[in-house]
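What follows is each chain in one-letter form.
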Amino acid sequence: MDDGGSLPVRDELRGQSPYGAPQLDVPVRLNTNENPYPLPEPLVARIAERVAEAARGLNRYPDRDALELRAGLARYLTDSTGHPVRTDQVWAANGSNEVLQQLLQAFGGPGRTALGFEPTYSMHALLARGTGTGWIAGPRRADFTIDLDAAVRTIAERRPQVVFVCSPNNPTGTAVDADTVRALYDAAQAARPSLVVIDEAYGEFSHAPSLLPLLEGRPHLVLSRTMSKAFGAAGLRLGYLAAAPAVVDAVQLVRLPYHLSAVTQATALAALEYTDTLLAYVAQLRSERDRLVAELRAAGCAVTPSDANFVQFGVFADAAAAWRRLLDQGVLVRDNGVPGHLRVSTGTPEENDAFLDAVRTLTKEHS
Ligand code: PMP
């Protein structure tokens, strides 16, 4: 952004670049943690049906409270975790990015701070900046797990109003166990009544069960989820949260009226009808993810244990050069700026084979 410096943009945005991975047209794209499987045809037909129904009412604003959809999401969370979730505990928006933004609009803002443990999903810090919330970069250990003692010390010293716990964490794939979340929550409440947000965008891919049952008895805990990954619907833009009803009431104070279009609500409801079919793809992706971990190790890479649909691997003397060398072979992965490391999303078995071949070529060149 360059207009000679006279554009009256906010100081903290001056000279910044918008978030986003390169969208390059290459044969194997494994850089944005998408689900590689297109939606099944019967679901595509059902979406067309439900959207046609919605289209007949497009002269009217959509259901502002998205009640049918929130009920469907509550049912999905209840069925998939065994922990009962009610409609008034669920909120939905255009992608979990919008959910997280609304949380920061309601609970962060000027004069307040949010804490995350880096490296983590960089949108957490960017959403903080966009909402005028101060960002505190908390530590991780060298193995990318959260160092609980250091985390508790940071919380006690800095007293953030919002604490992000990304589990499984992007870009490392690291899951956070329930005991660690309990301890972080207690530390955050001891410092001040603050909001603890578990970003479980990749929850369905984890070896560990969802952290959702921790909501019980923790009124300031929020669990954020998305249909972009497990439901294979990144293009839909549908994220949601589960929390105490008071948290849902608070985000309603900042949401735009009618933020979730009737078309979005109809499409998401159709996808929920196909939950079982879509989760069968997740099972396949989980086993391919485990295969990627094993084969990368066999190829001599250091691999961070992954509970997500992607894998962080290294260690490269020059990660940017390794990224380029893979791209030369038609494989696009992500350089998240973690020194020595790259991240690959799990693709179809054929895409993963192409990626592994490219990595073997790369490691041979350097051995
Ligand atoms: N949280 C994490 C950890 C993510 O990696 C992403 C997407 N890359 C999101 C949230 C946002 O996803 P969406 O807005 O598509 O729901």
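Scoring rules and cut-offs
- Within each chain, residue numbers correspond to sequence positions counted from 1 in written order.
- pLDDT decides what is reported in this predicted model: residues at 70 or higher carry local features, side-chain atom pairs at 80 or more are listed and counted, and totals for whole chains, interfaces and linings draw on all residues regardless.
- Helical segments are the DSSP runs of H or I of at least four residues, strand segments are the runs of E of at least two, and each set is numbered from the N terminus.
- Throughout, the radius of gyration refers to the C-alpha atoms, and the reference size of a globule is 2.2 Å times the residue count to the power 0.38.
- Residues with at least 20 other C-beta atoms within 10 Å of their own are called buried, those with 12 or fewer are called exposed, and the rest are partly exposed. The C-beta atoms themselves are positioned from the backbone.
- Note on contacts: residues are paired as contacts if their backbone-placed C-beta atoms lie within 7 Å.
- Only strands that DSSP links by at least two bridges are regarded as paired with each other.
- UniProt positions are given in the numbering used here, feature names are shortened, and annotations may be inferred rather than shown by experiment.
- The predictor's confidence in any single residue is recorded as pLDDT, a number from 0 to 100.
- Segmentation of the chain into domains, including their bounds, is taken from an automatic or database domain assignment.
- Residue classes follow a fixed rule: Ala, Val, Leu, Ile, Met, Phe, Trp, Tyr, Cys and Pro count as nonpolar, while Asp, Glu, Lys and Arg count as charged, and any other residue, Gly among them, counts as polar.
- Where helices are involved, their axes are fitted lines through C-alpha atoms of the stretch in contact, as for all axes, and angles between N-to-C directions lie from 0 to 180°.
- Each angle receives one of four descriptions, namely roughly parallel if under 35 degrees, roughly antiparallel if over 145, roughly perpendicular if within 65 to 115, and oblique otherwise.
- In this scheme the handedness of a crossing depends on how the near helix is turned from the far one: anticlockwise by less than a right angle means left-handed, clockwise means right-handed.

We now examine the overall build of the protein chain. Helix and strand counts for the protein chain stand at 11 helices and 12 strands. Against the globule reference of 21 Å for 367 residues, the protein chain gives a C-alpha radius of gyration of 21 Å, in line with a compact fold. Summarising its shape, the C-alpha atoms of the protein chain cover approximately 60 × 55 × 55 Å along the three principal directions. Relative to its 367 residues, the protein chain shows a buried fraction of 44%. In the protein chain, the share of contacts with a sequence separation of at least 24, taken over all contacts with a separation of at least 6, comes to 72%.

Turning our attention to the pairing of strand β7 (residues 221–226). The buried count for β7 comes to six of six residues, which makes it a mostly enclosed element. A two-sided burial pattern is seen for β7, the buried positions comprising Leu221, Leu223 and Arg225 on one face and Val222, Ser224 and Thr226 on the other. Here four bridges tie strand β6 (residues 195–199) to β7, and the two strands are oriented parallel to one another. Counterpart to aspartate 199 in the pairing with β7 is serine 224.

Of note, glycine 330 is situated in the loop between α10 (319–328) and β11 (331–332). For glycine 330, a count of 13 C-beta atoms within 10 Å corresponds to the partly exposed category. Note: C-alpha distance between glycine 330 and glutamate 12 (318 residues apart in sequence) is 37 Å. If we ignore the near neighbours within four places in the chain, the residues touching glycine 330 are Val26, Pro27 and Val28.

Under the local residue numbering, the UniProt record ascribes the feature "domain: Aminotransferase class I/classII large" (unreviewed entry) to residues 28–358. Here residues 28–358 is 43% helix and 15% strand, with 11 Å between the C-alpha atoms at its ends.

Another aspect to go through is unusual backbone geometry. Of the consecutive residues glutamate 118 and proline 119, the connecting peptide bond is found in the cis state with omega at 5°. The residue proline 119 is located in the loop between β3 (113–117) and α4 (122–130) in this model. Here serine 167 and proline 168 are connected by a cis peptide whose omega angle stands at -10°. Of note, proline 168 is situated in the loop between β5 (162–166) and α6 (178–191).

Okay, the UniProt feature "modified residue: N6-(pyridoxal phosphate)lysine" (unreviewed entry) in the protein chain next. Here, UniProt's "modified residue: N6-(pyridoxal phosphate)lysine" (unreviewed entry) annotation points to Lys229. With respect to the helices, strands and loops of the structure, lysine 229 is situated in the loop between β7 and β8 (239–242). Those residues in contact with lysine 229 that lie beyond four places of it in its chain are Asn33, Asn35, Ala201, Tyr202 and Asn309.

Right, let's talk about the confidence of the model for the protein chain for a bit. Mean pLDDT over the protein chain: 96, with 99% of residues reaching 70 or higher. Across the assembled chains, the prediction reports ipTM 0.99 with pTM 0.96.

Turning our attention to the domain arrangement of the protein chain. Domain assignment breaks the protein chain into domain 1 (11–38 + 277–365) and domain 2 (41–273). With centres defined by C-alpha atoms, the gap from domain 1 to domain 2 works out at 24 Å. Listed per partner, the contact involves 26 residues of domain 1 and 25 residues of domain 2. Counting residues per element, the ones that place at least two in the side of domain 1 that touches domain 2 are α9 (275–298) and β10 (310–314). The leading source of residues in the side of domain 1 that touches domain 2 is α9, at seven residues. A per-class count over the side of domain 1 that touches domain 2 returns 12 nonpolar, seven polar and seven charged.

In this section: the sheet that holds strand β4 (residues 134–138). Strand order in the open sheet formed by seven strands is β2-β8-β7-β6-β5-β3-β4, and the pairing between neighbours is mixed. Of all strands in the sheet, those with a lone pairing partner are β2 (90–93) and β4, marking the two edges. Averaged over neighbouring strand pairs, the angle between their axes works out to 20° when direction is ignored. Across the face of the sheet, helix α2 (residues 67–81) comes into contact with β2 and β8 while running at roughly 120° to β2.

As a packed pair, helix α3 (residues 95–107) and α4 sit with axes 9 Å apart at the nearest point and diverge in direction by 45°. Here α3 lies oblique to α4, going by the angle between them. When the axes of α3 and α4 are compared, the crossing they make is right-handed. Counted together, Asn97, Leu100, Gln101 and Leu104 of α3 and Met123, His124, Leu127 and Ala128 of α4 form the full contact between these two elements. For the contact of α3 with α4, the class distribution of residues is five nonpolar, three polar and no charged.

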